[in-house]
Amino acid sequence: MSISLTRRALLVGAAMHPLAACAAAEGQEIPSAANEARYARSPWRALTQAQWQARLSPAAFAVLRHEDTERAGTSPLNEEHRHGTFVCAGCALPLFRSEWKFNSGTGWPSFSRVIETNIGTKEDFLLFQPRTEYHCAQCLGHQGHVFPDGPRPSGLRYCNNGVALRFVPDA
């Protein structure tokens, strides 16, 4: 019986995969209407894949430009506790303040707030369950996903790939 359930699950999953890809393609609009006008003419959006590859480490390129995910627990930013700003590793746009960072226990840098005008979101159906993915609004680099299990008052957890960020300490 478990073999037929497994086979059925595989068949259903295979049948749904193209549907998930279509749903993800429909949700490609990343910047919100509020911040699209601000960044629409950004020179960062004109860079080619080759130019991005030359600017970024292989891991940062995979995450920022191809929506990859770094392995949990590998980011040195998990242990970053100084005061400052976390900026996009692609274009240096400020995304998070250090006081919004918290230890989520997930293995990725996590934040309870974001500078909302500097991100855009889209629905991600990669795991067959909708998730909210967020990107840098200026260069469109993938950052991570936001979940509704963060601390008060926002209740949100912005789960970020460490290689997609750089930390700039306060002067």
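Everything numeric in this text was worked out from a predicted model, so none of it was measured.

A word on the overall build of the protein. In terms of helices and strands, the protein carries 4 helices and 9 strands. Scored against the burial criterion, the 171 residues of the protein give a buried share of 39%. Taking the intrachain contacts of the protein between residues at least 6 apart in sequence as the baseline, contacts between residues at least 24 apart amount to 57%. Summed over all atoms, the accessible surface of the protein reaches about 10,000 Å², with 59% contributed by carbon and sulfur.

Of all hydrophobic cores here, the largest spans 28 residues; its most connected members are Leu64, Phe86, Cys88, Leu95, Phe96, Tyr158 and Leu165. Only α4 (58-66), β1 (84-88), β2 (94-97), β6 (131-136) and β9 (165-169) provide two or more residues apiece to this core. Per-element accounting of this core gives the leading share, 4 residues, to α4. Non-local contacts of Cys88, meaning those with residues more than four positions away in its chain, are made with Leu64, Leu93, Leu95, Cys136, Cys139, Gln143 and Ala164.

Read across the open sheet, the 3 strands follow the order β2-β1-β9; overall the sheet is antiparallel. With partners counted over all chains shown, the strands left at the sheet margins are β2 and β9, one partner each. Across the sheet, the axes of successive neighbouring strands diverge by a mean angle of 30 degrees, strand direction being ignored. Bridge analysis of β1 against β9 gives 5 bridges, and the strand direction is antiparallel. When the sheet's bridge partners are listed, Cys88 is paired in β9 with Leu165.

Take the packing of aromatic side chains next. Counting across every chain of the model gives 7 aromatic pairs. Pairing Phe96 with Tyr134 gives two aromatic rings, centres 6.4 Å apart and planes at 80 degrees, and the pair type is edge-to-face. Pair noted here: Phe96 is in strand β2 and Tyr134 is in strand β6, with a separation of 38 residues, a long-range link. Among the residues examined, Phe96 registers a relative accessible area of 0% and is labelled buried. Through successive ring pairs, a cluster of aromatic residues spans Phe86, Phe96, Phe111, Tyr134, Tyr158 and Phe167.

Okay, α4 next. Buried within α4 we find Ala60, Phe61, Ala62, Val63 and Leu64. Buried positions along α4 lie against α3 (49-55), β1 and β7 (142-147). Among the residues trailing α4, Glu67 stands out with phi positive, at a value near 55 degrees.

Right, let's get into the sheet that holds strand β4 (residues 110-111). The 6 strands lie next to each other as β3-β4-β8-β7-β6-β5, forming an open sheet whose pairing is antiparallel. Every other strand in the sheet has two partners, leaving β3 (101-102) and β5 (119-124) as the edge strands with one partner each.

Pairing between side chains becomes possible if they bear opposite charge and their charged atoms approach one another. One pass over the structure, following the stated rule, counts 5 salt bridges. Among the ionic pairs, Glu67 bridges to Lys122, the shortest N-O distance being 3.1 Å. Highlighted residues: Glu67 in the loop between α4 and β1 and Lys122 in strand β5, separated in sequence by 55 residues. As a salt-bridge pair, Arg82 and Glu80 come within 2.7 Å of each other at their nearest N and O atoms. Of the residues examined, Arg82 reaches a relative accessible area of 48% and is grouped as partly exposed.

Criteria and thresholds
- Residues numbered from 1 in each chain as written.
- Predicted model: local features only at pLDDT ≥ 70, side-chain atom pairs only at ≥ 80, totals over all residues.
- Heavy atoms only, no water.
- Helix = DSSP H or I, 4+ residues; strand = E, 2+ residues; numbered from the N terminus.
- Buried < 20%, exposed > 50% of the residue type's maximum accessible area, 1.4 Å probe, protein only.
- Contact = heavy atoms within 4.5 Å.
- Areas by Shrake-Rupley, 256 points an atom, 1.4 Å probe, with all protein chains shown as cover.
- Core = buried A, V, L, I, M, F, W, Y, C linked by side-chain atoms within 4.5 Å.
- Pairing = 2+ DSSP bridges.
- Axes fitted to C-alpha atoms, helices over the stretch in contact; angles between N-to-C directions.
- Phe/Tyr/Trp six-rings, centres within 6.5 Å; stacked < 30°, edge-to-face > 60°.
- Salt bridge = Lys/Arg side-chain N within 4 Å of Asp/Glu carboxyl O.

Such coordinate-based values are descriptive only and should not be taken to indicate function.
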